[in-house]
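Structure assessment
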Amino acid sequence: DGEGFKGQYDFFAFIPSKKRGSKESNPVVGLAYAFVNLVSVEAAKECIEKLHNKIVEGSEPLNVVFANLQGYEVCAKHFGGLREPGGRIETWTSKESESGATKTDFQ
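Everything numeric in this text was worked out from a predicted model, so none of it was measured.

A few words now on the overall build of the chain. The helix and strand inventory of the chain stands at two helices and five strands. A total of 107 residues make up the chain; the buried ones form 25% of that total. In the chain, 48% of the contacts between residues at least 6 apart in sequence involve partners at least 24 apart. Put simply, the chain shows about 7,800 Å² of open surface, and 51% of that area lies on carbon and sulfur atoms.

Below is the structure:
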């Protein structure tokens, strides 16, 4: 939302990188991923142009690309099935889907 895309997406999933070891060391293993379903091709193109290679504090430049999964229902079904209470995958949707995925708050 802070980058100007509020209201231009209807699904968001975040998969953080894994951490190993003690809480003191917490080395990060792998990459974090975010999947966003933008509601128009124009918004998707603008998002890629604006965010690709952007450096977020404490990370490498973002790699923003079109995903193989496209559309709200497809994303809700795929990621909704992976989400577990208290699990690593966090999702947010702006509506209830036919697949049973429901809105969850993402902060």
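From this point, the narrative continues.
Turning our eyes to something else, we now look at the packing of aromatic side chains. Under the counting rule described, the total for this entry stands at five aromatic pairs. Here the aromatic rings of Phe 35 and Phe 79 are separated by 4.7 Å at their centres, their planes lie at 35°, and the arrangement is tilted. Residue Phe 35 is located in strand 4 (residues 33–38), and its partner Phe 79 is located in helix 2 (residues 72–80); the two are separated by 44 residues in the primary sequence. Of the residues examined, Phe 35 reaches a relative accessible area of 27% and is grouped as partly exposed. On the basis of relative accessibility, which here comes to 3%, the residue Phe 79 falls in the buried class.

For the rest of this paragraph, the subject is helix 1 (residues 41–51). Among the residues of helix 1, those classed as buried are Ala 43, Ala 44, Cys 47, Ile 48 and Leu 51. Down the axis of helix 1, the smallest arc covering the buried residues is 135°, so these residues share one side. Residues Glu 42 and Glu 49 are exposed on helix 1 and point more than 90 degrees away from its buried face. For helix 1, the elements touching its buried residues are strand 4.

Attention now moves to the sheet that holds strand 4. Ordered in space as 4-1-5, the three strands form an open sheet in which the pairing is antiparallel. Strands at the two margins of the open sheet, each flanked by one partner only, are strand 4 and strand 5 (90–93). Neighbour-to-neighbour, the strand axes of this sheet turn through a mean angle of 5°, independent of strand direction. For strand 1 (residues 9–15) and strand 4, the ladder comprises six bridges, and the chain directions are antiparallel. The partner of Ala 13 across the bridge, within strand 4, is Phe 35. The sheet contacts of helix 2 involve strand 1, strand 4 and strand 5, and relative to strand 1 the element is tilted by about 30°.

Rules of the game
Residues numbered from 1 in each chain as written. Predicted model: local features only at pLDDT ≥ 70, side-chain atom pairs only at ≥ 80, totals over all residues. Heavy atoms only, no water. Helix = DSSP H or I, 4+ residues; strand = E, 2+ residues; numbered from the N terminus. Buried < 20%, exposed > 50% of the residue type's maximum accessible area, 1.4 Å probe, protein only. Contact = heavy atoms within 4.5 Å. Areas by Shrake-Rupley, 256 points an atom, 1.4 Å probe, with all protein chains shown as cover. Phe/Tyr/Trp six-rings, centres within 6.5 Å; stacked < 30°, edge-to-face > 60°. Arc of directions from axis to C-beta. Pairing = 2+ DSSP bridges. Axes fitted to C-alpha atoms, helices over the stretch in contact; angles between N-to-C directions.

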